[in-house]
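These are the residues of each chain, in order.
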Amino acid sequence: MPIRIAALLGTSRPGNYTGKALALVIDEFRTTYPDVQIEVLDPATMDLPFPGRAAEHDAGEAIRERVAGATGIVIATPEYHGSFSAVLKLMIENLGFPSVLRGKPVALLGVAGGRIGAIKSLEQLRSVCSHVGAIVLPAPISVAGVRGVFDEDGHCINAEVERQVRSVASTLIDYIQRAVCPKITLEEMMRQTA
């Protein structure tokens, strides 16, 4: 069974730095783990309904199916006004309750323009993800001073920051290989003997 990763981009702002940081993680998955299937869920391409509102077409159902089918999740967020973005909260709300994040390993990545990075948004995001039952991995990556870390073409110009951001991929894959894959294998073995 292939490992599938769903990457949630936590902003719809054009030319955002969160997407530039997430692109490094995606590149790391594709170059280091070529057998891993990865899909980016970009809220700018979705028409997600607000909770309790009917939608003409249910984009919420589509995002629930993609996340439910994923082995692991990466959530990338900017820090807006000391928290994560409203559009990311809307994505999480559309994952249902009980949430399809329940039981999924989640790696967090945050970016911010300030000197302390995305600490506040990552703390709040960890709390929300834990509340809905996700397995939030330790050591989220926070990029401070993001405007000075990427050039106009989206390339990271700080080797240490790039290494840290790329480590999101290996952290998630290591957890999946140690904890999730053995569980799946054991469940398949039990079904065959039953």
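Here goes a summary of the coordinates provided. (Residues numbered from 1 in each chain as written. Predicted model: local features only at pLDDT ≥ 70, side-chain atom pairs only at ≥ 80, totals over all residues. Heavy atoms only, no water.)

## Points about the overall build of the protein chain
Scanning the protein chain from terminus to terminus reveals five helices and six strands. The order of helices and strands in the protein chain, counted from the N terminus, is β-α-β-α-β-α-β-α-β-β-α. Seen along its three principal axes, the alpha-carbon backbone of the protein chain occupies a region of about 60 × 40 × 25 Å. Looking at the protein chain as a whole, 46% of its 194 residues are labelled buried. Considering only intrachain contacts with a sequence separation of at least 6, the fraction spanning at least 24 residues in the protein chain is 79%. (Helix = DSSP H or I, 4+ residues; strand = E, 2+ residues; numbered from the N terminus. Buried < 20%, exposed > 50% of the residue type's maximum accessible area, 1.4 Å probe, protein only. Contact = heavy atoms within 4.5 Å.)

## Points about helix α1 (residues 17-32)
Note on helix geometry: an α-helix contains 3.6 residues per turn, so any two residues three or four positions apart are oriented the same way. Between its first and last C-alpha, α1 extends 23 Å over 16 residues, near the 22 Å set by a 1.5 Å rise per residue. Within the sequence span of α1, burial applies to Thr-18, Lys-20, Ala-21, Leu-22, Leu-24, Val-25, Ile-26, Glu-28 and Phe-29. One side-chain oxygen at the N-terminal end of α1 lies 3.3 Å from the backbone nitrogen of Thr-18; it belongs to Asn-16. (Expected span 1.5 Å × (residues − 1). Polar contact = N/O pair within 3.5 Å; in protein donor to acceptor, adjacent residues only side chain to side chain.)

## What about the pattern of salt bridges?
Applying the stated criterion to the full structure yields seven salt bridges. Glu-61 serves as the salt-bridge partner of Arg-64, at 3.1 Å between the closest nitrogen and oxygen. One end of the pair, Arg-64, and the other, Glu-61, are both in helix α2 (residues 59-68), three residues apart, so they sit about a helical turn from each other. Glu-93 is the salt-bridge partner of Lys-89, the closest N and O atoms lying 2.1 Å from each other. Here Lys-89 and its partner Glu-93 are both found in helix α3 (residues 86-93), four residues apart, which amounts to about one turn of the helix. With a relative accessible area of 37%, Glu-93 lands in the partly exposed category. (Salt bridge = Lys/Arg side-chain N within 4 Å of Asp/Glu carboxyl O.)

## Re the nonpolar core
Grouped burial of nonpolar side chains is what soluble globular proteins tend to show. Ranked by internal contacts, the top residues of the largest apolar core, which has 33 residues, are Ile-5, Val-25, Phe-29, Val-74, Leu-109 and Val-165. Among the secondary structure elements, those contributing two or more residues to this core are β1 (4-9), α1, β3 (72-78), β4 (105-111), β6 (141-143) and α5 (159-193). At eight residues, α5 tops the list of elements feeding residues into this core. With residues up to four places along the chain from it excluded, the contact list for Val-165 reads Ala-21, Leu-24, Val-25, Leu-109, Ile-141 and Val-143. Within the second largest apolar cluster, 28 residues are counted, among which are Leu-8, Val-67, Leu-88 and Leu-90. (Core = buried A, V, L, I, M, F, W, Y, C linked by side-chain atoms within 4.5 Å.)

## Brief notes about the environment of Arg-115
Relative to the elements of secondary structure, Arg-115 occurs in the loop between β4 and α4 (119-131). Along the chain, Arg-115 and Val-143 lie 28 residues apart, while their C-alpha atoms are 9.0 Å from each other.

## Notes on the packing of aromatic side chains
Under the counting rule described, the total for this entry stands at one aromatic pair. The residue whose ring lies beneath Lys-20 is Tyr-17, and the NZ or CZ to ring-centre distance is 4.6 Å. (Phe/Tyr/Trp six-rings, centres within 6.5 Å; stacked < 30°, edge-to-face > 60°. Lys NZ or Arg CZ within 6 Å of the ring centre and 35° of its normal.)

## Overview of the pairing of β1
Of all six residues in β1, five are buried; the element is thus mostly enclosed. Sheet topology note: the β1/strand β2 (residues 37-41) ladder contains five bridges and is parallel. Residue pairing across strands places Leu-8 opposite Leu-41, the latter belonging to β2. As for the winding sense of the linkage, the β-α-β connection from β1 through α1 to β2 is right-handed. Pairing of β1 with β3, which is carried by five bridges, proceeds in the parallel orientation. Residue pairing for β3: Ile-5 is matched across the bridge by Gly-72. (Pairing = 2+ DSSP bridges. Right-handed = clockwise from strand over helix to strand, strands pointing away.)

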